Amino acid sequence: MKFSVLTLFPKQVKDFLSESILGRAEEKGILSVNAIDIRDFSGNRYGKVDDTLFGGGTGMLMQCEPVYQAFSSLYDAKKEEKPHCIFMSPKGQVLTQKKARELSKYDHLVILCGHYEGIDQRVLDEIVDEDLSIGDYVLTGGEVAACVVIDCISRMIDGVLPNSEAYEEESHMQGYLEAPQYTKPNTWHDKTVPEVMLSGNHARIKEWKRLHGLYDTWKRRPDMMEKLDISSDDWKKLLQIEREKKEEENKGIPSAK
Ligand code: ADE
């Protein structure tokens, strides 16, 4: 899969994505990230790509033509289809795992990053297919957000992680959070690993993970829980887990006597 990021800060994007798992995936040729400097398309020797706002207002706005030329340099309009273009913006639809999975199906994704006060609306209307936000807060520019999107999509591309189980069991993949996880030693600070984890019984372990993932979703993210269709049988089991947890907590409280 190919990502082309249109930005005023290509180094920021490249530096972030060349590290660790994504860097290795790029070396292996599984994905490529191309960061294009919009200033290279300024058409003037100062690299100026912004101007003051019509109608007043503070700050500067990125102009249409440099953005349009940078985008047009990515494909041959006579022979190829226009690549799918995302604009990173706090006004966009908020990124979810489902959205990332959808986007992972494209061969080539163009991600446009704004800076300053933003980008002239006319070029956005012409080249952008969808706006995407990474949360309800405002960043200084779209670069960090673009890196988040690329990271989230890339780990679902075959070959980036060791196997698909590595992400399929994780939080958000099935609409609920991942269960707690444990490693050696079996006992640490008087805390033991749940007995089922040491049982070697895969069916029991799978069920434990499912129920404790649901339990954590219920307690931490009731908004996600509302979207799940929990059977009455599962609710009984979740209430049982809650009772057991309360008993466990009460054991730690010294008696009043
Ligand atoms: N640019 C500025 N804030 C942003 C956000 N929350 N998400 C995506 N891009 C942005």
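Numbers given to residues run from 1 along each chain, matching the order in which its sequence is written. For a predicted model such as this one, the threshold for reporting local features is a pLDDT of at least 70, and the threshold for listing and counting side-chain atom pairs is 80 or more; totals across whole chains, interfaces and linings nevertheless cover every residue. Side-chain numbers come from the whole structure's heavy atoms, not from hydrogens or water.

Draft legend 1. Spotlight on the site of the ligand. Close contacts around the ligand come from Met88, Ser89, Pro90, Leu132, Ser133, Ile134, Gly135, Tyr137, Val138, Leu139, Gly141 and Ala145, and that covers them all. Within the backbone of Tyr137, a nitrogen or oxygen atom sits 2.8 Å from a nitrogen atom of the ligand. We define a polar contact as two N or O atoms separated by no more than 3.5 Å, with the added condition that, inside protein, one atom must be a possible hydrogen donor and the other a possible acceptor, whereas residues neighbouring each other in sequence contribute only through side-chain atom pairs. One of the backbone N or O atoms of Leu139 is found 2.9 Å from a nitrogen atom in the ligand. We get accessible surface area from the Shrake-Rupley algorithm with a probe of 1.4 Å; when it comes to residues, only the shown protein chains can shield them. In isolation the ligand offers 260 Å² of accessible surface; the protein chains occlude 96% of this area. One heavy atom within 4 Å of a molecule or strand makes the whole residue count as near it.

Draft legend 2. Geometry of the domain arrangement of the protein. Its domain assignment divides the protein into domain 1 (2-154) and domain 2 (169-251). Marked domain ranges trace back to an automatic or database domain assignment. Here domain 1 and domain 2 have C-alpha centroids that lie 39 Å from each other.

Draft legend 3. Seen up close, the nonpolar core. To define a nonpolar core, start from buried Ala, Val, Leu, Ile, Met, Phe, Trp, Tyr and Cys residues and group those joined through side-chain atoms within 4.5 Å. Burial status follows relative accessibility: with a 1.4 Å probe on protein chains alone, a residue under 20% of its type maximum counts as buried, one over 50% as exposed, and anything between as partly exposed. Counting residues in each nonpolar core, the largest one holds 33 residues, and the members touching the most others are Phe3, Val33, Met88 and Ile153. For the purposes of this entry, the term helix denotes a DSSP run of H or I that reaches at least four residues, the term strand denotes a run of E that reaches at least two, and both are numbered from the N terminus. Of all the secondary-structure elements, those providing two or more residues to this core are strand S1 (2-7), helix H1 (10-17), helix H2 (20-27), strand S2 (32-37), strand S5 (84-94), helix H4 (97-103), strand S6 (108-113) and helix H6 (143-154). A per-element tally of this core places H6 first, with seven residues. Residues contacting Phe3, with those up to four places away along its chain left out, are Ser32, Val33, Asn34, Leu109, Ile111, Ile150, Ile153 and Ser154. Here, residues are in contact when the closest pair of their heavy atoms is within 4.5 Å.

Draft legend 4. Region of interest: the packing of aromatic side chains. By convention, a stacked pair of Phe, Tyr or Trp rings (six-membered ring in the case of Trp) has centres within 6.5 Å and planes under 30 degrees apart, an edge-to-face pair has planes over 60 apart, and any other such pair is tilted. Applying the stated criterion across every chain yields a total of four aromatic pairs. Taking the centre distance of 5.6 Å and the plane angle of 65° together, the rings of Phe71 and Tyr75 count as edge-to-face. Judged by its relative accessible area of 18%, Tyr75 falls in the buried class. With a centroid separation of 5.2 Å and 80° between ring planes, the pair formed by Trp218 and Trp235 is classed as edge-to-face. Residue Trp218 is found in helix H8 (residues 202-220), and its partner Trp235 is found in helix H10 (residues 232-251); the two are separated by 17 residues along the sequence. By relative accessible area, Trp235 is classed as partly exposed at 30%. One aromatic cluster is present, built from ring pairs that chain together Tyr215, Trp218 and Trp235. Against the face of Trp218 rests Lys219, its NZ or CZ located 4.0 Å from the ring centre. By definition, being over a ring means that NZ of Lys or CZ of Arg is both within 6 Å of the ring centre and within 35 degrees of the ring normal.

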